[in-house]
Amino acid sequence: RGKCTYDFVEIMACPGGCLNGGAQVRPGGLETSAARKGRLDAVDAAFHDVEQRPPEDSAFVQHMYAAHYGGAPFLEEACE
């Protein structure tokens, strides 16, 4: 219609997030639904096994604030 300034919009509406949405790489060949479920269950388990921590505990985030954003989150320089 020519009214939008963007090229693509993706909406994710899967409960709990999409583990194998349309843009995901799929293995070659035929895959049974049981094999697909097993692979997705393994991905889900790996995702939930990752330790969650606040971003400010990350050494990389601390480095970025120190080097580029005034030294700490929520400072005026970091918010600009």
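Predicted model, so just to flag it, every value in this text is computed and none were measured. (Residues numbered from 1 in each chain as written. Predicted model: local features only at pLDDT ≥ 70, side-chain atom pairs only at ≥ 80, totals over all residues. Heavy atoms only, no water.)

J.: Summarise the overall build of the chain; cite the residues concerned and give the values.
T.: The number of helices and strands found in the chain is 3 helices and 0 strands. Ordering the α and β elements of the chain from the N terminus gives α-α-α. Accessible area of the chain: about 7400 Å², with a carbon and sulfur share of 57%. (Helix = DSSP H or I, 4+ residues; strand = E, 2+ residues; numbered from the N terminus. Areas by Shrake-Rupley, 256 points an atom, 1.4 Å probe, with all protein chains shown as cover.)

J.: Any details on the confidence of the model for the chain? Residues and values, ideally.
T.: Of the residues in the chain, 70% have a pLDDT of 70 or more, and the chain-wide mean is 76. When the elements of the chain are averaged for pLDDT, helix H3 (residues 76-79) gives the smallest value, 69, and helix H2 (residues 59-68) the largest, 87. (pLDDT = per-residue confidence, 0-100.)

J.: How would you explain the pattern of salt bridges if you had to name every residue and give the values?
T.: Following the criterion strictly, the structure yields 1 salt bridge and no others. Its salt-bridge partner being Asp 41, residue Lys 37 comes within 2.8 Å of it at the nearest N-O pair. Taken together, the residues Lys 37 and Asp 41, both in helix H1 (residues 33-49) and 4 residues apart, mark about one turn of the helix. On the basis of relative accessible area, Asp 41 is assigned to the partly exposed category, the value being 39%. (Salt bridge = Lys/Arg side-chain N within 4 Å of Asp/Glu carboxyl O. Buried < 20%, exposed > 50% of the residue type's maximum accessible area, 1.4 Å probe, protein only.)

J.: Give a description of the environment of Gly 71 that names residues and reports values.
T.: On the secondary structure map, Gly 71 appears in the loop between H2 and H3. Once you skip the residues sitting within four places of it in the chain, Gly 71 turns out to touch Tyr 65 and Ala 66. (Contact = heavy atoms within 4.5 Å.)

J.: Let's hear about the side chain of Ser 58: which residues, and what values?
T.: Considering the arrangement of structural elements, one finds Ser 58 in the loop between H1 and H2. Owing to a relative accessible area of 14%, Ser 58 belongs among the buried residues under this scheme.

J.: Kindly report on H2, identifying the contributing residues and their values.
T.: Sitting at the amino-terminal end of H2 is Ser 58, which places a side-chain oxygen 3.2 Å from the backbone nitrogen of Phe 60. Two residues or fewer after H2 comes Gly 70, characterised by a positive phi angle close to 80 degrees. (Polar contact = N/O pair within 3.5 Å; in protein donor to acceptor, adjacent residues only side chain to side chain.)

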